[in-house]
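Descriptive analysis of the structure
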Amino acid sequence: MLEIQKKLTNTFYALLALPATAMGFALSIQISALSWILSSKYKLDIHDVGLVWAAGPIAGILGQVIIGIISDNVWFLNGRRRPFILIGGFLAAMMLLALPNIDVISSSLGIDGILGVAIAVALTLDLAINISFNPTRSIIADVTPEGVERTKGYTWMQTISGTFGVLAYVIGAVWNNYVLIYFGVFLVLVLSVIPTLFIEEPRNLAKGTNHQDKHETKASFGAILSYIEPLWGFLIYSVYAITMRVLNIHFDNYYAEIICFVITIVFILKVLFQKSEGKSAAEKGLIGFKKVLAAHSFTWVGIQTMFVYMFAYVQYKVFGYDANSVIPEDVSIQMGKVVTISFLIFNAVAAVLPVLVLEPIARKIGKVRTHFLSIASMAVAYAAMLFFGFSPIVIYIIMALLGIGWASTISLPFAIMSQQIDQTRMGLFMGLFNLSVVLPQLVASFGIGQAVSAAQDKSLIFIISAVTLSISAILWMLVKEEKVHTD
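We now turn to the structure provided with this report. (Residues numbered from 1 in each chain as written. Predicted model: local features only at pLDDT ≥ 70, side-chain atom pairs only at ≥ 80, totals over all residues. Heavy atoms only, no water.)

Some points on the overall build of the chain
As a reminder, the rule being used: Numbered from the N terminus, helices here are DSSP runs of H or I no shorter than four residues, and strands are runs of E no shorter than two. Only C-alpha atoms enter the radius of gyration; for comparison, a globular chain is expected to reach 2.2 Å times N to the power 0.38, where N is the number of residues. Accessible area is worked out with a 1.4 Å probe on protein chains only. A residue is then buried under 20% of its type maximum, exposed over 50%, and partly exposed in between.
Regarding its fold elements, the chain presents 18 helices and zero strands. Its C-alpha atoms give the chain a radius of gyration of 21 Å, near enough to 23 Å, the size a compact globule of 487 residues would have. The dimensions of the chain, computed from C-alpha atoms along their principal axes, are 65 × 45 × 45 Å. Looking at the chain residue by residue over its 487 residues, the buried ones come to 59%.

Following this line, the structure appears as structure tokens:
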């Protein structure tokens, strides 16, 4: 074991953050370039772009959970997380290389349509990211003690990852997305392989303060469904939406969306009204875990809506083109730069805040309260975008404000969640926690994509984001801070 790991120095936290940084950089490229390249180079319609984006979360539904369960129970190449980080990093780099060459791949395979190949590349890319993301986050919990040190691990993860994410958007803004993609191929490969070889994983994991016994943390299908009870509405809608799309069945109404929304609210309320008094530490931990899932899921509905449809909003509100307009190439490039700079600022704020601001505040007022305030600020900023976001300069200012919530979203919830559950099942629960990200992403790609595509006024994008972040803030108010015992 390296001396820096024994002493948990800042250098070790930086090293520990690099595998997650590799996957974060790949994700930044996906966010920055995927919608742009599909719309401008391959001329896909907005609903087809949404379908391509849906391919990744579909992979994530199974990928993160399965990889989490397996990585909890294997030991290979002197690690339980290491093999999956190495494999995922290599696959992610190769799929990034494929992204600007989808037409070449399609032609070489003798396939007439671009859409099928685009889905295959996006699916493999996101599956690769998911293969690695779960282990890169789980390994932080594996090698850090609960409490302050673990919070520090996740805030350092976001600071390092966020800094490289900013670099991604700088490259896209100063040069172009093609330079970004090819640079990313090299960086993702290096950062996912080399640092992983220097992190020593513990062969045996301690259970922690809220441990469950083996019966309570079994990974059967029924047990997993019980753990994700607040997400049942999202899950049902995802299955419905995928089935309807595969069968090419379209409805002009939103009855299914309304029904699934009601189901979601019912099961979230059921979890929120569960009393923890008189229950064991294991049962309290699972109740807390479910509340975190409920709150985090609505955060991601709003954020993913912005990620996928920001280009459409800029096209309509800033440049005045509707979905049927023929857009000159130079204007398309300008629109791409506005989106890229927006996400650059968004991620720059998120890179600076976790270690310098959020961690010190969390030490004083607690992680949950800090995160609630961050999410509430995000809801207000989305409302501001709705009323004032009609020019690039104003959009950039509002994106800076949104970066506060984003900084918290991709750092603090991991620390909050990891203290609720059995440490020996970290991979499983990290995978289940990811469902509160990918299932809302599917809602954004299918249901919200249909609504945005049909709406003449693309302001609907930020109406949805403001409402869902407001709901999320309310739900985070009801999550209790878990105390860490040191006896």
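So that's the structure; there's more coming.
Describing helix α8 (residues 177-193)
For clarity, the threshold we go by: One less than the number of residues in a helix, times 1.5 Å, gives the span that helix is expected to have. Contacts: residue pairs with any heavy atoms within 4.5 Å of one another. Any pair of nitrogen or oxygen atoms within 3.5 Å is treated as a polar contact; in protein, a donor-acceptor pairing is required on top of that, and neighbouring residues in sequence qualify only through side-chain atoms on both sides.
Between its first and last C-alpha atoms α8 spans 24 Å; for 17 residues at 1.5 Å apiece the expected length is 24 Å, and the two agree. Its buried side turned inward, α8 meets α2 (10-40), α4 (82-98), α7 (148-174) and α13 (329-365). For α8, the N-terminal cap is Asn 176; the gap from its side-chain oxygen to the backbone nitrogen of Tyr 178 is 2.9 Å.

Thoughts on the packing of helix α10 (residues 232-246) against helix α17 (residues 426-454)
In plain terms, the rule: Lines are fitted to the C-alpha atoms to define the axes, a helix being fitted only along its stretch in contact, and any angle between axes, read from their N-to-C directions, falls within 0 to 180 degrees. These descriptions rest on fixed angle ranges, namely under 35 degrees for roughly parallel, over 145 for roughly antiparallel, 65 to 115 for roughly perpendicular, and the rest for oblique. By convention the crossing between two helices is left-handed if the near helix lies anticlockwise of the far one by an angle smaller than a right angle, and right-handed if it lies clockwise. Put simply, Ala, Val, Leu, Ile, Met, Phe, Trp, Tyr, Cys and Pro go in the nonpolar bin, Asp, Glu, Lys and Arg in the charged bin, and everything else, Gly too, in the polar bin.
For the pair α10 and α17, interaxial distance at closest approach is 9 Å and the crossing angle is 40 degrees. As the angle between them shows, α10 and α17 are arranged oblique. Judged by the sense of rotation from one axis to the other, the crossing of α10 with α17 is left-handed. Residue-level contacts link Phe 234, Leu 235, Tyr 237, Ser 238, Ala 241, Ile 242 and Arg 245 of α10 to Leu 439, Pro 440, Leu 442, Val 443, Phe 446 and Gly 447 of α17. Grouping the amino acids of the contact of α10 with α17 by side-chain chemistry returns ten nonpolar, two polar and one charged.

As for the environment of Tyr 182
Here Tyr 182 is to be found in helix α8. Taking relative accessible area as the criterion, Tyr 182 reaches 41% and is therefore assigned partly exposed. If sequence neighbours within four positions are ignored, Tyr 182 has contacts with Leu 97, Pro 100 and Asn 101.

Observations regarding α17
Note the following rule: One axis fitted to the seven residues ending at a residue, another fitted to the seven starting there: the angle between these axes is the bend at that residue.
If you check α17, its first and last C-alpha atoms are 42 Å apart, about what 29 residues at 1.5 Å a residue would give, namely 42 Å. Taken as a whole, α17 carries its principal kink of about 40 degrees at Ile 448. Along α17, 26 of the 29 residues are buried, which leaves the element largely enclosed by surrounding structure.

A look at a nonpolar patch on the surface
Selection criterion: Patches here are clusters of residues that have more than 30% relative accessible area and form no salt bridge, with a 9 Å joining cutoff for like charges and a 5 Å cutoff for nonpolar side chains (Val, Leu, Ile, Met, Phe, Trp, Tyr). Per-residue and other accessible areas were derived by the Shrake-Rupley procedure at a 1.4 Å probe size, with only the shown protein chains allowed to occlude residues. In what follows, salt bridge is the name for a side-chain nitrogen of Lys or Arg lying within 4 Å of a carboxyl oxygen of Asp or Glu.
Judged by side-chain polarity, Tyr 254, Tyr 255, Ile 258, Ile 259, Phe 261, Val 262 and Val 266 come together as a nonpolar surface patch covering roughly 700 Å² of accessible area. Among the secondary structure elements, Ile 259 is positioned in helix α11 (residues 255-272).

Notes on the side chain of Thr 136
Turning to its location among the elements, Thr 136 is positioned in helix α6 (residues 115-142). Accessibility expressed as a relative area gives 0% for Thr 136, which makes it buried. Residues within four places of Thr 136 in sequence aside, it is in contact with Pro 19, Ala 20 and Ile 85.

Topic: the pattern of salt bridges
Taken as a whole, this structure holds seven salt bridges when the rule is applied. A salt bridge links Glu 3 to Lys 7; its shortest N-O distance comes to 3.9 Å. Across the pair Arg 81 and Asp 142 runs a salt bridge whose closest N-O atoms are separated by 2.6 Å. Of the two residues, Arg 81 is situated in the loop between α3 (46-73) and α4 and Asp 142 in helix α6; the sequence distance between them amounts to 61 residues. You'll find Arg 81 and Asp 142 in the same group, each marked buried. Linked through salt bridges whose partners overlap, the residues forming this network are Asp 72, Arg 81 and Asp 142.

Here's the deal with the nonpolar core
For clarity, the threshold we go by: To form a nonpolar core, buried Ala, Val, Leu, Ile, Met, Phe, Trp, Tyr and Cys residues must be joined to one another through side-chain atoms within 4.5 Å.
Ranked by internal contacts, the top residues of the largest apolar core, which has 153 residues, are Met 306, Met 310, Phe 343, Leu 402 and Leu 432. Setting aside anything within four residues of it in sequence, one finds Leu 432 in contact with Val 65, Ile 224, Tyr 227, Ile 228, Phe 289 and Leu 293.

Thoughts on the packing of α2 against α8
At a minimum axis separation of 9 Å, α2 and α8 run at an interaxial angle of 160 degrees. In terms of orientation, α2 lies roughly antiparallel with respect to α8. Of the two possible hands of crossing, α2 and α8 adopt the one that is left-handed. Only Asn 177, Tyr 178, Leu 180, Ile 181, Phe 183, Gly 184, Leu 187, Val 188, Leu 191 and Ser 192 of α8 make contact with α2, whose side of the interface consists of Leu 18, Pro 19, Thr 21, Ala 22, Met 23, Phe 25, Ala 26, Ile 29, Ser 32, Ala 33, Trp 36 and Ile 37. The class makeup of the residues in the contact of α2 with α8 is 17 nonpolar, five polar and no charged.

Brief notes about the side chain of Asp 72
In this fold, Asp 72 is placed in helix α3. Residue Asp 72 is classed as buried on the basis of its relative accessible area, which comes to 8%. In terms of polar contacts, Asp 72 uses its side chain to reach the backbone amide nitrogen of Leu 428, at 2.9 Å.

Here's the deal with the packing of aromatic side chains
Threshold: Any pair of Phe, Tyr and Trp rings, taking the six-membered ring for Trp, is counted once the centres come within 6.5 Å. Such a pair is stacked with planes under 30 degrees apart, edge-to-face with planes over 60 apart, and tilted for the rest.
One pass over the structure, following the stated rule, counts 18 aromatic pairs. Ring geometry for Phe 307 against Trp 406: centres 5.3 Å apart, planes inclined by 85 degrees, an arrangement best described as edge-to-face. Here Trp 406 lies in helix α15 (residues 392-409) and Phe 307 lies in helix α12 (residues 281-318), a separation of 99 residues in the sequence. The same class applies to Phe 307 and to Trp 406, which are both buried. Residues Tyr 313 and Phe 462 carry aromatic rings whose centres are separated by 4.7 Å and whose planes lie at 85 degrees to one another, so their mutual orientation is edge-to-face.

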